[in-house]
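Descriptive structure summary
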Amino acid sequence: SKSFYVFGGAGYRFLYDRGDGSGFYTRTGNWVFLPLGGVFKYGKMSLDLEYDLIVYGRFRSNLSEAVSEYSDLVHTQKGYGLLLTAGYQFNTSWGLYAAYELWDLDETEPETTANASFVEPKNNSQSFELKIGYSF
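Overview of the structure. Just so it is clear, the model here is predicted, and its values are computed rather than measured.

For the rest of this paragraph, the subject is a nonpolar patch on the surface. Together, Tyr12, Phe14, Tyr16, Val32, Leu34, Leu36, Tyr51, Leu53, Val55, Tyr56 and Leu82 make up a nonpolar patch on the protein surface, roughly 1000 Å² of accessible area in all. Elements that contribute at least two residues to the nonpolar patch include exactly β2 (11–17), β3 (27–42) and β4 (45–61). With four residues, the single largest contributor to the nonpolar patch is β4. Of the residues examined, Leu53 reaches a relative accessible area of 34% and is grouped as partly exposed.

Here you go:
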């Protein structure tokens, strides 16, 4: 209907992380996910709820950049994402949107190099967004 609809699809997320200094190393993450959600509309206002189911997640830790005796490791990572967006459509062209995004990633299984085990820890990231949109 015009006031409610559901959606699904496919998504991809990439992360590059590199600290400064001699003890840091490059970490890259790749996730393929299925966004599933619904949109509620009431007049000029809208509310989007989205759940992102990770179906493939890999995290690469380039440990050799910090310690030459270590090999680079690739971890499998599971988790999910959530996205909540509230919007107001001023007219057919302009809209204002506020969003909250959360990614909650599980701790990886241990991987071993040079007789040492490493995990990518459980973590989450959050972001808050404010968007102004123009349709043309």
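This part covers the packing of aromatic side chains. Using the criterion set out here, one finds nine aromatic pairs in the structure. Between Trp31 and Phe59, the aromatic rings sit 5.9 Å apart at their centres with planes inclined by 50°, giving tilted as the arrangement. With a gap of 28 residues between them, Trp31 in strand β3 and Phe59 in strand β4 connect regions that are remote in the sequence. The two residues Trp31 and Phe59 agree in class, both being buried. Their ring planes at 20° and their centres at 6.2 Å tell us that Tyr134 and Phe136 sit as a pair that is stacked. Given the relative accessible area of 46%, Tyr134 is considered partly exposed.

So, on to the pairing of β4. For a regular strand, the rule is simple: side chains alternate between the two faces of the sheet. As judged from the 16 bridges shared by β3 and β4, these two strands associate in the antiparallel manner. Within the sheet, the bridge partner assigned to Gly29 lies in β4 and is Phe59. Connecting β3 to the next strand, β4, in antiparallel fashion are two residues, including Gly43 with a positive phi near 65°. Here β4 pairs with strand β6 (residues 79–89) via nine bridges, running antiparallel. Bridge pairing in β6 places Tyr51 opposite Leu82. Pairing of β4 with strand β5 (residues 73–76) involves four bridges; the strand directions are antiparallel. Bridging from a neighbouring strand, Ser61 pairs with Leu73 of β5.

By the element assignment, Ser46 lies in strand β4. According to the relative accessible area criterion, Ser46 is buried, its value standing at 16%.

Close approach of charged atoms allows side chains of opposite charge to pair. Applying the stated rule across the entire model yields six salt bridges. A salt bridge links Asp72 to Arg60; its shortest N-O distance comes to 3.3 Å. Here Asp72, found in the loop between β4 and β5, pairs with Arg60, found in strand β4; they are twelve residues apart in sequence, far enough to count as distant. Residue class for Asp72 comes out partly exposed when judged on its relative accessible area of 29%. Between Lys131 and Glu129 there is a salt bridge; the shortest N-O distance is 3.6 Å. Of the residues examined, Lys131 reaches a relative accessible area of 38% and is grouped as partly exposed. What makes Glu129 partly exposed here is its relative accessible area of 28%.

Thresholds, definitions, all that
Residues numbered from 1 in each chain as written. Predicted model: local features only at pLDDT ≥ 70, side-chain atom pairs only at ≥ 80, totals over all residues. Heavy atoms only, no water. Patch = residues over 30% accessible without salt bridge, like charges linked within 9 Å, V, L, I, M, F, W, Y side chains within 5 Å. Areas by Shrake-Rupley, 256 points an atom, 1.4 Å probe, with all protein chains shown as cover. Salt bridge = Lys/Arg side-chain N within 4 Å of Asp/Glu carboxyl O. Helix = DSSP H or I, 4+ residues; strand = E, 2+ residues; numbered from the N terminus. Buried < 20%, exposed > 50% of the residue type's maximum accessible area, 1.4 Å probe, protein only. Phe/Tyr/Trp six-rings, centres within 6.5 Å; stacked < 30°, edge-to-face > 60°. Pairing = 2+ DSSP bridges.

Take it as geometry only, folks, not as evidence of what the structure does.
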